[in-house]
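If you want the building blocks of each chain, they are given just below.
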Amino acid sequence: MSLKKYEGGFSMKKRSLSLLLSLVLVFSLMWTPDALAESPEELRERYGLPELEITSDVVKYLTWDNQKTMDQNLANLLMQEVYGCKVKVVRTTYAELPSKAVNMRLGGNSPDLIKFRKQEFPNLITKDVVEDVTEYLDFSDPLYAGLQETANTYAYKGRYYAFPTGKMYNNNYIYYWTSYFDDMGLDTPLDLYENGEWTFSAMREMMKDLVIDDDRDGIIDTYALVLQSGYSFSISGEDFVTYDPETGLYGNNLRSPALAEYYNFLYETGSAGDDTRLMSQEDISCFTARNAVMMLGEHWVMQSSFYDDIIAGRIGVAPAPQLDGTDAHYAQGRIDVYWIGKDCANMNGALAYMACQRAIAINDDLARELSERHGLIYKEWPEELEALIDEMNDPEKFTLLLPKYSGVGTWGDDPMGFYDLAARITQWEEPWQSIVESQYPLLQESINQANGAYEP
């Protein structure tokens, strides 16, 4: 069996949806753990999973995800079949995760797994909250072959602490309601991309045609675009900070002309300019309610919030546009990585979960098999969309950038820092230049901290 591998997080191969749903129904009625044709040891060997001595039947996972979601997580299901342990969620909020991780470590109750937030790199390392996993990432093992370059992205002083389960993938997508383009006879974002014309200037002109005032009362009912500005600034090809690998020092890049071009687009399409962009950070809910025709968002919503609409053709998908004047088609990259808690109780359980995640990424048809055995719907894509996703992850066509600013001092996780910047540009009528000048010294303070300016 050979499963087409998508290292970013899910596997995709065209299948008959009606046949698949029939199979799911049959298996949901007949499957029990006893129905497995192979023993745990046979499954372990077939999928190239490591032999591990598990010390507990639960793997404590500090995350903002919920237990119900984790109960249907395929890696969790495979781990139960092979290793006899399962994930138990230790629930926290997005903002409180780092303090919770620190307090659990200080209390001698480190979680086995910790949800990765880029803001905590390298903070959780320097605070001795997470394990050094270098010895467990054996790149000569077929299970982890090909991941060294990815792991190097989050290496710290030549060691690995963040455990990757796949390669970097494109995290900038345009989603759009296809009916609006059909009704107006307009080229879709995908049409323009395929014609080599998909730029920010082209999108701005398109947006002027997509604004709708249904009852002609002078109040816009449907905007052309909604977005979260923090998802997509990497389209500029630059970060808020620069980094010199020779000196190990960061620099302040907030006044970059490339960043200004991206953020000026947001200002000029807001209510102070064309008034074609919905000025809200509630991008998913606004788009789902059809308050906007297009959404510039992240990769993950494809397979969760929008899956049914994409399969039915109601929502179209395209790459984010290229910023005019840039020398490449830039996009924000993302890597699926996890922390393992320092001195945790079930280290091997955490390693088992990592191994199961990786096995699903590289073993053909494993995701399908698991879904069928456990009565879950296996989500996949038509061939043409699968090909587009592969293209968006092709390094010869897209240059993916992993932002560094978030781990520099505290600015990237400060309500008065990056979050304030994102809110002001997305929701308020403030020009980029005024935001830059108020934020520049705050970012510089974080850069000074990261560069060791205040160390004795």
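Residues numbered from 1 in each chain as written. Predicted model: local features only at pLDDT ≥ 70, side-chain atom pairs only at ≥ 80, totals over all residues. Heavy atoms only, no water.

What follows covers the environment of tyrosine 154. Among the structural elements, tyrosine 154 can be located in the loop between helix H7 (148-153) and strand S4 (155-156). Every residue in contact with tyrosine 154, bar those within four places of it in the chain, is listed here: Phe116, Lys118, Phe121, Ala162, Ile335, Val337 and Leu402. (Helix = DSSP H or I, 4+ residues; strand = E, 2+ residues; numbered from the N terminus. Contact = heavy atoms within 4.5 Å.)

Between its terminal C-alpha atoms helix H12 (residues 257-269) stretches 18 Å, which fits the 18 Å expected from 13 residues at 1.5 Å a residue. Where the residues of H12 are buried, they touch helix H10 (200-210), strand S9 (223-227), helix H11 (229-232), helix H18 (418-427) and helix H19 (432-450). The N-cap residue of H12 is serine 256: its side-chain oxygen and the backbone nitrogen of alanine 258 are 3.1 Å apart. (Expected span 1.5 Å × (residues − 1). Polar contact = N/O pair within 3.5 Å; in protein donor to acceptor, adjacent residues only side chain to side chain.)

Moving on: the packing of H18 against H19. A pair of packed helices can be characterised by two numbers: the angle between their axes and the separation between those axes. One way to put it is that H18 packs onto H19 with a least axis distance of 11 Å and a crossing angle of 165°. In terms of orientation, H18 and H19 fall into the roughly antiparallel class. In the crossing of H18 with H19, the sense of the turn from one axis to the other is right-handed. Residue-level contacts link Phe418, Asp420, Leu421, Arg424 and Ile425 of H18 to Trp432, Ser434, Ile435, Ser438 and Gln439 of H19. By residue class, the composition of the contact of H18 with H19 is five nonpolar, three polar and two charged. (Axes fitted to C-alpha atoms, helices over the stretch in contact; angles between N-to-C directions. Parallel < 35°, antiparallel > 145°, perpendicular 65-115°, else oblique. Left-handed = near helix turned anticlockwise from the far one by under 90°. Nonpolar A, V, L, I, M, F, W, Y, C, P; charged D, E, K, R; others polar.)

Moving on to the nonpolar core. One finds Tyr175, Phe240, Tyr263 and Met294 to be the most contacted residues of the largest nonpolar core, which totals 72 residues. With 44 residues, the next largest nonpolar core counts Ala75, Val87, Val89 and Tyr144 among its residues. (Core = buried A, V, L, I, M, F, W, Y, C linked by side-chain atoms within 4.5 Å. Buried < 20%, exposed > 50% of the residue type's maximum accessible area, 1.4 Å probe, protein only.)

Once the charged atoms of two side chains with opposite charge are near each other, the side chains can pair. The final tally for this structure, using the stated rule, is 23 salt bridges. Where aspartate 132 meets arginine 159, a salt bridge forms, and the shortest distance between an N and an O atom there is 2.8 Å. Placement of aspartate 132 in the loop between helix H6 (123-126) and H7 and of arginine 159 in strand S5 (residues 159-160) is noted, with a sequence separation of 27 residues between them. Taking the relative accessible area as the measure of exposure, arginine 159 reaches 38% and is therefore partly exposed. The network of salt bridges with shared partners includes Glu38, Arg46, Glu81, Glu369 and Arg373. (Salt bridge = Lys/Arg side-chain N within 4 Å of Asp/Glu carboxyl O.)

In space, the three strands of this open sheet follow the order S7-S14-S16, with mixed pairing throughout. In this open sheet, the two edge strands, each paired with only one partner strand, are strand S7 (169-170) and strand S16 (399-401). In terms of strand pairing, strand S14 (residues 330-334) meets S16 through three bridges, oriented parallel. When the sheet's bridge partners are listed, glutamine 332 is paired in S16 with leucine 401. (Pairing = 2+ DSSP bridges.)

Of all the five residues making up S14, four are buried; the element is thus mostly covered by neighbouring parts of the structure. Summarising the sheet, S7 and S14 pair through two bridges and their orientation is antiparallel. Its bridge partner lying in S14, asparagine 170 is registered against glycine 333.

Let's shift gears to the state of the cysteines. A complete count under the given rule lists zero disulfides for this structure. With no disulfide partner, cysteine 356 has as its closest neighbouring cysteine sulfur the one in cysteine 85, 8.0 Å distant. (Disulfide = S-S within 2.5 Å.)

What follows is about helix H5 (residues 97-106). For H5, the complete set of buried residues consists of Leu97, Pro98, Ala101 and Met104. All buried residues of H5 lie within an arc of 130° about the axis, which places them on one face of the element. Exposed side chains of H5 directed beyond 90 degrees from the buried face belong to Asn103 and Leu106. Elements that come into contact with the buried residues of H5 comprise strand S1 (58-63), strand S2 (86-91), strand S3 (113-115) and H6. Positive backbone phi, approximately 70°, marks glycine 108, located one or two places after H5. (Arc of directions from axis to C-beta.)

Attention now moves to the sheet that holds strand S12 (residues 292-297). Spatially, S9-S12-S8-S13 is the arrangement adopted by the four strands of the open sheet, whose pairing is mixed. Edge positions in the sheet fall to S9 and strand S13 (315-319), since each of these pairs with one other strand and no more. Across the sheet, the axes of successive neighbouring strands diverge by a mean angle of 20°, strand direction being ignored. Strands in contact with H10 are strand S8 (173-177), S9 and S12; relative to S12, the strand with the most contacts, it is inclined by about 150°. Seen against the sheet, helix H17 (residues 383-392) touches S8 and S13 and runs at an angle of roughly 25° to S13.

Okay, the confidence of the model for the protein next. Chain-level statistics for the protein give a pLDDT mean of 89 and a share of 91% at 70 or above. Of all helices and strands in the protein, the one with the weakest mean pLDDT is helix H1 (residues 17-30) (40), whereas helix H9 (residues 189-194) scores best (98). Long-range and interchain partners of residues 1-35, a stretch whose pLDDT sits below 50, account for 80 contacts in this model, where long-range means more than four residues apart. (pLDDT = per-residue confidence, 0-100.)

As a further point, take the side chain of asparagine 253. Topologically, asparagine 253 is positioned in the loop between strand S11 (249-252) and H12. The contact partners of asparagine 253, leaving out residues within four places of it in the chain, are Glu238, Asp239, Phe240, Val241, Thr242 and Leu259.

Any two aromatic rings considered together are summarised by their centre-to-centre distance and by the angle between their planes. Tallying each qualifying case throughout the model produces 32 aromatic pairs. Taken together, a centroid distance of 6.4 Å and an interplanar angle of 85° make the contact between phenylalanine 121 and tyrosine 156 edge-to-face. Here tyrosine 156 lies in strand S4 and phenylalanine 121 lies in the loop between S3 and H6, a separation of 35 residues in the sequence. With relative accessibility at 15%, the residue phenylalanine 121 sits in the buried group. A centroid spacing of 5.2 Å and a plane angle of 25° characterise the contact between tryptophan 177 and phenylalanine 287, whose relative ring orientation is stacked. Separated by 110 residues along the polypeptide, tryptophan 177 in strand S8 and phenylalanine 287 in helix H13 (residues 283-288) bring together distant segments of the chain. Grouping aromatic residues by their ring pairs yields a cluster made of Phe200, Phe233, Phe240, Tyr262, Tyr263, Phe265, Tyr405, Trp411, Phe418, Tyr419 and Trp432. Arginine 117 extends its terminal NZ or CZ atom over the ring of tyrosine 94, reaching a point 4.5 Å from the ring centre. (Phe/Tyr/Trp six-rings, centres within 6.5 Å; stacked < 30°, edge-to-face > 60°. Lys NZ or Arg CZ within 6 Å of the ring centre and 35° of its normal.)

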